[in-house]
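# Descriptive analysis of the structure
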Amino acid sequence: MTELSKNCSDMSNAASTYLGIIAGTIIGGVVSWWIYNRQKRTSDQQDKILGRIKDLEENHTEILKRLEEFDDKHESSLDSLQELDKKIDSILDKIKDK
């Protein structure tokens with residue numbers, strides 16, 4: 001290629017085409033790598049976020065189970081108190097009748 005010598009003042013069409021192909025390949029490779037890298041980082045961040053969401057969902061489910069157990073215990077305690085209240089009322093009624 002005479003275009004690489006210092007005395008060259010003009011490039012031939014073939015040399016120009018080869019230079020364009022080489023430059024296009026380099027630029028295309030850099031852009032492709034950049035896009036791949038960005039997508040990989042985005043995918044990693046999404047995986048991290050999905051993992052955190054899964055952990056939060058598991059914690060949420062566990063909290064709901066505990067609240068349900070607490071509600072059941074509270075309900076049974078309330079039923080016992082109401083039964084005790086009825087017994088006390090019946091005893092007080094018996095005492096009033098005498």
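Numbering of residues begins from 1 in every chain and follows the order in which that chain's sequence is written. Local features are withheld for residues below a pLDDT of 70 in this predicted model, meaning they are given only at 70 or higher, and side-chain atom pairs are given and counted only at 80 or more; totals for whole chains, interfaces and linings count all residues. Side-chain numbers here rest on the full set of heavy atoms in the structure, without hydrogens or water.

## Details of the overall build of the chain
- What the chain contains, in helices and strands, is one helix and zero strands.
- For each residue, the accessible area found with a 1.4 Å probe, counting protein chains only, is set against the maximum for its type, and the residue is called buried under 20%, exposed over 50%, and partly exposed in between. Counting over 98 residues, the chain shows a buried share of 2%.
- Total accessible area computed for the chain in this model is approximately 9,500 Å², and 58% of it derives from carbon and sulfur atoms. Only DSSP runs of H or I with at least four residues qualify as helices, and only runs of E with at least two residues qualify as strands; both kinds are numbered from the N terminus onward. Only the protein chains shown count as cover for residues, and the accessible areas themselves come from Shrake-Rupley with a 1.4 Å probe.

## Brief notes about a nonpolar patch on the surface
- Any residue with relative accessible area above 30% and no salt bridge may belong to a patch, with like charges joined within 9 Å and the nonpolar Val, Leu, Ile, Met, Phe, Trp and Tyr side chains within 5 Å. For this document, the term salt bridge refers to a Lys or Arg side-chain nitrogen within 4 Å of an Asp or Glu carboxyl oxygen. Together, L81, L84, I88, I91, L92 and I95 give the surface a local cluster of nonpolar side chains, amounting to about 580 Å² of exposed area.
- Mapped onto the elements, I91 comes out in helix α1 (residues 13-97).
- Looking at I91, the relative accessible area reads 47%, which means it is partly exposed.

## Re the pattern of salt bridges
- Scanning the model with the defined rule gives two salt bridges in all.
- Notably, a salt bridge pairs K40 with D44, separated by 3.7 Å at the nearest N-O pair. Of the two residues, K40 and D44 are both situated in helix α1; the distance of four residues between them amounts to about one turn of the helix.
- We classify K40 as partly exposed; its relative accessible area is 40%.
- Of the charged contacts, one joins R66 and E62 as a salt bridge, the two residues approaching to 3.5 Å between their closest N and O atoms. One end of the pair is R66 and the other is E62, both in helix α1 and four residues apart, which spans about a single turn.

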